[in-house]
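# Summary of the model geometry
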Amino acid sequence: MGIPHAVSQGRDRTGQAEAFDAIGDRYDEAFPHKDGQLRSGAWLAAELPPGSRVLDIGCGTGLPTARQLADAGHDVVGIDLSGVMIDLARKHVPEADFHQLDIAELRPGGSGARTVGVPGHYEGVAAFFSLLMLPRAEIPFTLRLIRELLVPGGLLALSMVEADVDDFAIPFLGNTIRVSGYLRDELRRVVREAGFELTEESSYSYAPASTDVPPEEQVFLHCRRLA
């Protein structure tokens, strides 16, 4: 299953990066209870073979996921649009390898591919709330790109916020970001059509500590790459 060229033509996400640069470590303060992400990260860490290569897409500050995976003995690479987030991640998880990259640059031939995006290079991928930062048109292509980065049978821990929106502007910790989402059935369909088997699904109603961020329904999918 090849990667369509459209994934290389994503919109300018400079504004998204600038918003997260401004938020910095306030992100972890605003989202202090990450039960779903912790549980899903623990599943990925435990199910992978010892010493697996794992890509954390949208790694943020490195907490909790990159830290979990590194503590489990895995070889962790993290990417994020925000340079501030990458600096924080390097402090929190110094043994991991972090890069400021747009996921679109992991496509074959992209600048990121030469750094971290070799097809079939990873046994696991974590993508917690990172794909919701993309317009809907880019999400299926990105999932196929993730599939190509995984070895056959490789694992994906994915989370999204359940919402029927596409590139929708929302206030976020004093900034504005643009987000997309799906209702549950549509999300399952998109993931399956990208070449994944869904092995487990869970959801959590989440109310952030900040009143600037509305409550949300978080969906966590445990997936396996089909051969």
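Within any chain, residue numbers begin from 1 and follow the written order of that chain's sequence. A pLDDT threshold of at least 70 governs which residues receive local features in this predicted model, and a stricter bar of 80 or more applies before side-chain atom pairs are shown or counted, although totals over entire chains, interfaces and linings include all residues. The side-chain numbers reported here are obtained from all heavy atoms of the structure, hydrogens and water having been left aside.

## A look at unusual backbone geometry
A negative phi holds for most residues other than glycine; trans holds for most peptide bonds. Of the consecutive residues Leu63 and Pro64, the connecting peptide bond is found in the cis state with omega at 5 degrees. Mapping Pro64 onto the fold places it in the loop between strand 1 (53-57) and helix 4 (65-71). Although it is not a glycine, Phe129 adopts a positive phi angle of roughly 65 degrees. Relative accessible area decides the class of each residue, using a 1.4 Å probe on protein chains only: under 20% of the type maximum gives buried, over 50% gives exposed, and in between gives partly exposed. Residue Phe129 is classed as buried on the basis of its relative accessible area of 14%. For Asp167, which is not glycine, the phi torsion reads 50 degrees and is therefore positive. Going along the chain from the N terminus, every DSSP run of H or I of four or more residues is numbered as a helix, and every run of E of two or more is numbered as a strand. Mapped onto the fold, Asp167 is located in the loop between strand 5 (150-161) and strand 6 (168-172).

## Let's talk about the sheet that holds strand 1
As summarised here, the arrangement of the 7 strands in space is 3-2-1-4-5-9-8, forming an open sheet in which the pairing is mixed. Edge positions in the open sheet fall to strand 3 (97-100) and strand 8 (196-206), since each of these has one partner strand only. Direction aside, the axes of adjacent strands within the sheet are offset by 15 degrees on average. Pairing between strands is defined by DSSP: at least two bridges between the two strands are required. Two elements, strand 4 (residues 122-128) and strand 5, share 6 bridges in a ladder whose sense is parallel. Bridging from a neighbouring strand, Val125 pairs with Leu156 of strand 5. Each of strand 1, strand 4, strand 5, strand 8 and strand 9 (216-225) is contacted by helix 6 (residues 139-149), which is oriented at about 145 degrees to strand 5, the strand it contacts most. Axis definition: a line fitted to C-alpha atoms, over the contacting stretch in the case of helices. Angles run 0 to 180 degrees between N-to-C directions. Residues are treated as being in contact if the distance between any of their heavy atoms lies within 4.5 Å.

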